[in-house]
Amino acid sequence: MNRREFLTSTGMALVAATGGLSIAASVARAATKELRVLTWEGYADEQWVKEFEQANDATVKISYTGSVDEIFAKLLATNGDDFDVIAIETSSYKRLVEQKLLQALDLTLLPNRANLGPTFANVSSIVFDGKTYAVPFAWGSIPLIYDRKVFSEAPTSWSVFWDENYSGRVIAMDDATNAIVTTALLLGIKDPFNMSADDFAAVKAKLIDQKKYVLTYYAGFDDGVSIMAQGGVDVMMSMGEPQVQMLQKKGIDAALTIPKEGAIGWIDCWTISAGARDVPLAHKWVDFMLDKRIGNYISEKTGYGNTTDLAANEKIGLNYADRLVFLQAPEDQGKRIDLWNEVKATPAP
Amino acid sequence: MIRWSLVRLAVYGIPTLLILCPMGLFLLSSFWSMSGNKMSHSWTLANYRAFFANASYWGIYLQTIKLAGIVALFGLVSGYIVAYLIWRQRGPLRYMLLLFSVIPLAMNYIVKIYAMRGILGFNGVLNSALVWSGLLAKPSTMFVFNQTAVLIAMAVIYLPFAILPIFLSLERIPHSLVEASADLGAPPGQTFRRVVLPLSLPGSVVGGLFVMVLSLGDFLTPQMVGGSQGFTFGRAIWSQFGMAFNWPFGAALAVMLLLAIAIILIAARLLTRYRRTS
């Protein structure tokens, strides 16, 4: 996930300090219990780790990850024996549960689940066979970003990416999932994660047609910002909320909107590995992460939404969780990659 | 004895471990397949069949080879001109110029792509110059996000890789031959055509082939300056990893690319042998 690059670049110094300190703490104090955490930078900051360690007489060992691939590789290598708790995004759960790398949560040990906002209390993509495997923690979207100098009012539909008036002045991201699901939303396809052959054909035709209007497909967070900031671009299919601020810093009067068809949302959730050594302690961590104070901190620090302190979301403008379509594992990821590659290999009509 | 065999083990063992083993593994995994979300270790040719069955994959394969070929040709011609001009200099100036021409190699590749985009882009140096001189009424995006931009950017980025081998093949020409040609009454043009060019050409073509190999595997430059036409085979390989999680198919595509590179390198090898015997 490329939005991580943003966190990586901004949170690096802080993380280095956190990691170093928690290791130092673990040496100084011989605690009886140990919790091994595999997570993204910014999700396990020092102050919370310390509080957890003191409250539970435990040491917390944090490993940071840079990609979903890395999480899979690390879990597969030892069937999850190396980690107790992990934070990962909703669409990966099907694969993880099928490979038996996770264990179902004991919900009676998680009283803080009551703090979850209504949109996050019943996320279906983390429930398998009636058992819940994770708790939602942080979220964001794939919004439409536009230049306020060009649009006096926010564009209301994704169809602006097929609009003759903005031909050659729109950019989209080079990502199969985001391109296909967003186009499926525009076409009004009922379930954008379980599409029929007709749906696939319709999405493909629409995306090939889009090549007439698109200036380029950008590669990552910074790349998108750099192209739009260079000028000549009015609208972009964004990679996430932080791009707005990055553009504003570069002098573009950028703003984001969730079009009437809705937009993609992602949720990172905490889960427990199949190989967890101390399962009750792992539950304690997961429950602790649903503390409203941590939710507040996540929103203020990263600019992403949290799942417990809804007022903190409102404060940074993230009031649209109920209009998002949260990512799920698709029917056939390989088919989607092929479709996107075929679109890119086809010359513009 | 024992010490020597240890040394030999290190000399052969380390490259085997670090280079051959990973390559063998990905060759192996190209014959595996995915069943559901699990990698199945039974042998199959399905990945290669899928490559040849899907016109967009082998189509982009051929297009990428063509693109790399054109970049190599650019590299060969412009690299030859630069290398020749440097070779003609005498004294310290010659090596100063050579040093300057390869300094870009020390620069990060991503930075170079961004720099190229800064030059070719909407508010870039080129556009500003054209608008300032009145040739354009307003900035244009015609210099970036298309195939021409990919060619220009790649040719510039890979030029030092061509200059160096071409310079070396020029340097290997004994000066006495050039002098003999002049003594026998050949004007400079004829000396170049009948002595310098034939002697340096095989080495120069090898330089061009190096550029071709480098640009074959490059998926970032086309992605970043090629716009909606910037799709290359390297990117197709890349797309099979990450969320797609189809390593066997990605490995098969990588093997196909390796095959193309192997053929180019064998051609380069034959050329250098030809030079030695002639």
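Residues numbered from 1 in each chain as written. Chains lettered and ligands numbered in written order. Predicted model: local features only at pLDDT ≥ 70, side-chain atom pairs only at ≥ 80, totals over all residues. Heavy atoms only, no water.

Once that is clear, we can look at the nonpolar core. If you look at the biggest cluster of nonpolar residues, it comprises 154 residues, and the most contacted ones within it are W270 and W285 of chain A. Element by element, the count of residues in this core is highest for helix α7 (residues 147–171) of chain B, at 12 residues. Each of domain 1 (3–140 + 264–318) and domain 2 (144–257 + 329–345) of chain A accounts for three or more of the residues forming this core. The contact partners of W285 of chain A, leaving out residues within four places of it in the chain, are L35, V37, A44, V49, F52, V60, V85 and W270 of chain A. Listed in part, the 27 residues of the second largest apolar core include L209, M212, A236 and V255 of chain B. (Core = buried A, V, L, I, M, F, W, Y, C linked by side-chain atoms within 4.5 Å. Buried < 20%, exposed > 50% of the residue type's maximum accessible area, 1.4 Å probe, protein only. Helix = DSSP H or I, 4+ residues; strand = E, 2+ residues; numbered from the N terminus. Domains from an automatic or database assignment. Contact = heavy atoms within 4.5 Å.)

Our next topic: the environment of V150 of chain A. All names here are of chain A. Along the chain, V150 falls in the loop between β8 (144–147) and β9 (170–173). A sequence separation of 85 residues divides V150 from V235, and the C-alpha atoms of the two residues are 9.2 Å apart. Beyond its immediate stretch of four places on either side in the chain, V150 contacts Y166 and D234.

Residue and element names in this part refer to chain A. Even without being a glycine, K100 presents a positive backbone phi close to 60 degrees. By the element assignment, K100 lies in the loop between α4 (93–98) and β4 (102–103). We note that D129 has phi near 55 degrees; this positive angle belongs to a residue other than glycine. Mapped onto the elements, D129 comes out in the loop between β5 (127–128) and β6 (131–132). We classify D129 as exposed; its relative accessible area is 79%.

With that settled, consider the sheet that holds β8 of chain A. All names here are of chain A. On the basis of which strands lie adjacent, the open sheet formed by 5 strands has the order β10-β9-β11-β8-β12 and mixed pairing. The sheet is open, and its two borders are formed by β10 (214–218) and β12 (254–257), each paired with just one other strand. Pairwise comparison of adjacent strand axes, ignoring direction, gives a mean angle of 20 degrees for this sheet. Sheet analysis places β8 next to strand β11 (residues 235–237), joined by 3 bridges and oriented antiparallel. (Pairing = 2+ DSSP bridges. Axes fitted to C-alpha atoms, helices over the stretch in contact; angles between N-to-C directions.)

Under the counting rule described, the total for this entry stands at 30 aromatic pairs over all chains. Here F120 of chain A and F326 of chain A contribute two aromatic rings whose centre-to-centre distance is 6.2 Å and whose plane-to-plane angle is 55 degrees, an arrangement assigned as tilted. With F120 of chain A in helix α5 (residues 118–121) and F326 of chain A in strand β15 (residues 324–326), this pair connects stretches of sequence that are 206 residues apart. Take F326 of chain A: its relative accessible area is 13%, and that puts it in the buried class. Taken together, a centroid distance of 5.9 Å and an interplanar angle of 75 degrees make the contact between F51 of chain B and F233 of chain B edge-to-face. With F51 of chain B in helix α2 (residues 46–53) and F233 of chain B in helix α11 (residues 233–238), the pair connects residues that are 182 residues apart, well separated along the chain. Among the residues examined, F51 of chain B registers a relative accessible area of 1% and is labelled buried. Each residue in the set Y43, F52, F137, W270, W285 and F288 of chain A is aromatic and connected to the rest through ring pairs, giving one cluster. (Phe/Tyr/Trp six-rings, centres within 6.5 Å; stacked < 30°, edge-to-face > 60°.)

Residue and element names in this part refer to chain A. Once the domains are mapped, chain A shows domain 1 (3–140 + 264–318) and domain 2 (144–257 + 329–345). At the junction of the two partners, domain 1 supplies 10 residues and domain 2 supplies 12 residues. Applying the counting rule to domain 1 against domain 2 returns 0 residue pairs in polar contact (both at pLDDT 80 or more). With 3 residues, the top contributor of residues to the side of domain 1 that touches domain 2 is helix α1 (residues 3–28). Of the residues in the side of domain 1 that touches domain 2, the class split is 4 nonpolar, 3 polar and 3 charged. (Polar contact = N/O pair within 3.5 Å; in protein donor to acceptor, adjacent residues only side chain to side chain. Nonpolar A, V, L, I, M, F, W, Y, C, P; charged D, E, K, R; others polar.)

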